[in-house]
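Structural description and commentary
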Amino acid sequence: MTTADTAIISSPAIRWFNKRLELLDQRALPHQTLWLPLSNADGVADAIRDMVVRGAPAIGISAAYGVVLAAMELGVNANQASLKPAIDLLAASRPTAVNLFWALERMQSVISEQTGLALIASLTAEAEAIHRDDREMNHRLAEFGAALFGKSNLGVSLIPEGKSVYTHCNTGALATGGHGTALGIIRSAWESKKIVGVYAGETRPWMQGARLTSWELMQDDIPVTLVVDSAAGHVMKSGKIGAVIVGADRITANGDAANKIGTYNLAVLAKHHGIAFIVAAPLSTLDPDLADGSLIDIEERNADEVRTVQGKPIAPTDVPVFNPAFDVTPAELISAIVTEHGVIEQPDTAKMAAHLRSAGVIA
Ligand code: MRU
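Scanning the chain from N- to C-terminus turns up eleven helices and 17 strands. For 363 residues, the compact-globule formula gives about 21 Å, and the C-alpha radius of gyration of the chain, at 20 Å, lands near that figure. With the principal axes as the frame, the chain shows a C-alpha extent of 60 × 50 × 40 Å. Across the 363 residues of the chain, 57% fall into the buried class. For the chain, long-range pairs separated by at least 24 residues make up 72% of all intrachain contacts whose partners lie at least 6 apart in sequence. Carbon and sulfur atoms make up 54% of the accessible area of the chain, which amounts to about 14700 Å² in all.

Strand order in the open sheet formed by four strands is β12-β9-β10-β15, with mixed pairing between adjacent strands. The outermost strands of the open sheet, each flanked by one partner alone, are β12 (286-287) and β15 (326-329). Pairing of strand β10 (residues 257-260) with β15, which is carried by four bridges, proceeds in the antiparallel orientation. What sits directly across from Ala 257, in β15, is Thr 329.

With that settled, consider the sheet that holds strand β1 (residues 9-11). Overall, antiparallel pairing links the four strands, which are arranged β1-β2-β3-β4 in an open sheet. Bordering the open sheet on either side are β1 and β4 (35-38), each of which pairs with just one other strand. Going from strand to strand, the sheet's axes swing by 15° on average, the running direction of each strand aside. Relative to β4, strand β3 (residues 21-24) runs antiparallel, the two sharing four bridges.

Around the ligand there are 18 residues in total, and Arg 54, Arg 94, Gln 208, Asn 259 and Lys 260 lie nearest to it. Here an oxygen atom of the ligand sits 2.9 Å away from a polar atom, N or O, in the side chain of Asp 249. Note that an oxygen atom of the ligand is positioned 2.6 Å from one of the side-chain N or O atoms of Asn 259. In isolation the ligand has 420 Å² of accessible area, and contact with the protein removes 99% of it. Listing elements by their share of the shell around the ligand, those giving two or more residues are α2 (56-74) and β10. Among the residues making up the shell around the ligand, the classes are represented as seven nonpolar, seven polar and four charged.

Time to look at the nonpolar core. Residues Ile 14, Leu 21, Leu 23, Tyr 65, Leu 83, Met 107 and Leu 123 are the most contacted members of the largest nonpolar core, which totals 45 residues. Counting only elements with at least two residues in this core, the list comes to β2 (14-16), β3, α1 (41-49), α2, α3 (80-91), α4 (98-109) and α5 (116-146). For this core, the leading source of residues is α2, giving eleven residues. Ranked by size, the runner-up nonpolar core spans 28 residues in total, among them Ala 270, Val 279, Leu 283 and Ile 337.

Here Glu 105 is to be found in helix α4. Using a relative accessible area of 55% as the deciding quantity, one classes Glu 105 as exposed. For the pair Glu 105 and Ala 91, spaced 14 residues apart in the sequence, the C-alpha separation amounts to 10.0 Å.

This next bit is on the pairing of strand β16 (residues 336-339). Residues Ala 336 and Val 338 of β16 are buried on one face, and the alternating residues Ile 337 and Thr 339, pointing to the opposite face, are buried as well. Bridging between β16 and strand β17 (residues 342-345) involves four bridges; their strand directions are antiparallel. Among the inter-strand pairings, Ile 337 is bridged to a residue of β17, identified as Ile 344. A loop of two residues connects β16 with β17, the two strands running antiparallel in sequence.

On to the environment of Thr 167. Within the element layout of this structure, Thr 167 appears in strand β5 (residues 163-167). The sequence separation of Thr 167 and Leu 333 amounts to 166 residues, and the corresponding C-alpha distance is 16 Å. Excluding anything up to four places from it in sequence, Thr 167 contacts Ala 182, Leu 183, Ile 186, Val 198, Tyr 199, Ala 200, Gly 201, Thr 213, Ile 245 and Val 246. Polar side-chain contacts of Thr 167 include one of 2.7 Å to the backbone oxygen of Ile 245.

The final tally for this structure, using the stated rule, is 14 salt bridges. Between Asp 46 and Arg 49 there is a salt bridge whose closest N-O contact spans 3.0 Å. Of the two residues, Asp 46 and Arg 49 both sit in helix α1, three residues apart, roughly one turn of that helix. Judged by its relative accessible area of 36%, Asp 46 is partly exposed.

Tracing the backbone shows Gln 26 in the loop between β3 and β4. Polar contacts involving the side chain of Gln 26 include one to the side chain of Arg 54, which spans 3.1 Å. When near neighbours in sequence (up to four residues on either side) are disregarded, Gln 26 contacts Ala 13, Met 51, Val 52, Val 53, Arg 54, Leu 174, Arg 211 and Leu 212.

For the coordinates displayed, the defined rule picks out one aromatic pair. When the ring of Trp 16 is compared with that of Tyr 65, the centres are 4.4 Å apart and the planes differ by 15°; the resulting orientation is stacked. Here Trp 16, found in strand β2, pairs with Tyr 65, found in helix α2; they are 49 residues apart in sequence, far enough to count as distant. Lying over the aromatic face of Trp 35, Arg 15 brings its terminal NZ or CZ to 3.8 Å of the ring centre. Against the face of Phe 326 rests Lys 260, its NZ or CZ located 4.4 Å from the ring centre.

Calculation notes
- Residues numbered from 1 in each chain as written.
- Predicted model: local features only at pLDDT ≥ 70, side-chain atom pairs only at ≥ 80, totals over all residues.
- Heavy atoms only, no water.
- Helix = DSSP H or I, 4+ residues; strand = E, 2+ residues; numbered from the N terminus.
- Rg over C-alpha atoms; globule rule 2.2 N^0.38 Å.
- Buried < 20%, exposed > 50% of the residue type's maximum accessible area, 1.4 Å probe, protein only.
- Contact = heavy atoms within 4.5 Å.
- Areas by Shrake-Rupley, 256 points an atom, 1.4 Å probe, with all protein chains shown as cover.
- Pairing = 2+ DSSP bridges.
- Axes fitted to C-alpha atoms, helices over the stretch in contact; angles between N-to-C directions.
- Near = heavy atom within 4 Å.
- Polar contact = N/O pair within 3.5 Å; in protein donor to acceptor, adjacent residues only side chain to side chain.
- Nonpolar A, V, L, I, M, F, W, Y, C, P; charged D, E, K, R; others polar.
- Core = buried A, V, L, I, M, F, W, Y, C linked by side-chain atoms within 4.5 Å.
- Salt bridge = Lys/Arg side-chain N within 4 Å of Asp/Glu carboxyl O.
- Phe/Tyr/Trp six-rings, centres within 6.5 Å; stacked < 30°, edge-to-face > 60°.
- Lys NZ or Arg CZ within 6 Å of the ring centre and 35° of its normal.

Following this line, the structure appears as structure tokens:
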């Protein structure tokens, strides 16, 4: 029997109990609420790969708990060497979101000389901190983002108040430790009456916009209109959109941003229509080790995700498919990147480095 009230930390998609992790199976949403109990790192790696849990920050949090579960299984034998296979397995689950590697590095940094029960206690504290901190960071990020409405120096004339925003994929409480990144800004902008609603692109092939974003927004009574991805240009042309706000899976040293496939199309369309294009991401999504977006490993997923819709074939069963899960938006198309540390307007390498330095991420 699993109940939320005995969880030590609980966010909308991730519950941590003392020796068990539970992930909300996001593949079943919004029509079914299934919690998947996990007691080892293999199960967590499978859950990340198979999209039970998704969204860059949520993947990182889950992987951190995966390391704790691996250490718990090893018990007194837990140490740097014995944990390596589990960490490698988790690192191989999805390649693009840097938060996964960031979280695993944080977990590795506490291993040092400790072993056994002391190590398990330290790893548990670290994973819980990663989980807790994420929600708090999202709230800070959201306030910075919401404050952009009404500003006029983002390389576009204005982010007007009183219009709708367009978003892609799901960047909300389900994709994070709570509140959300792009969706966090949208929540805060709605609360402060700066927007009148949200257009959500359905986000083929996993339909995160249709299944998750529209559901999250409806639960909060934020007016949402679902559109097929190919309606984005038509919607932007209508004049109803004040800004496009999306998340990111990895942002390189020059400000290029990898995010769900289709994001780049939106950035090009936003540029054409003079609409601000905002990328919201915690500092843990910034990857100063990669000079630019051409170096990002873009995950390619199974062809059947495109040939079928919810298990039903919609194309010839053997048609060749190209199924990249992410694309890269060049920095020059981004009006601003918002983190929990503030706003980087019209990002470039120098501004990214200054932001990371003042946040204490790099020396
Ligand atoms: O394949 P997914 O659903 O993990 O992709 C998610 C996205 O692209 C999100 O925009 C990104 O991870 C940011 S979530 C706060």
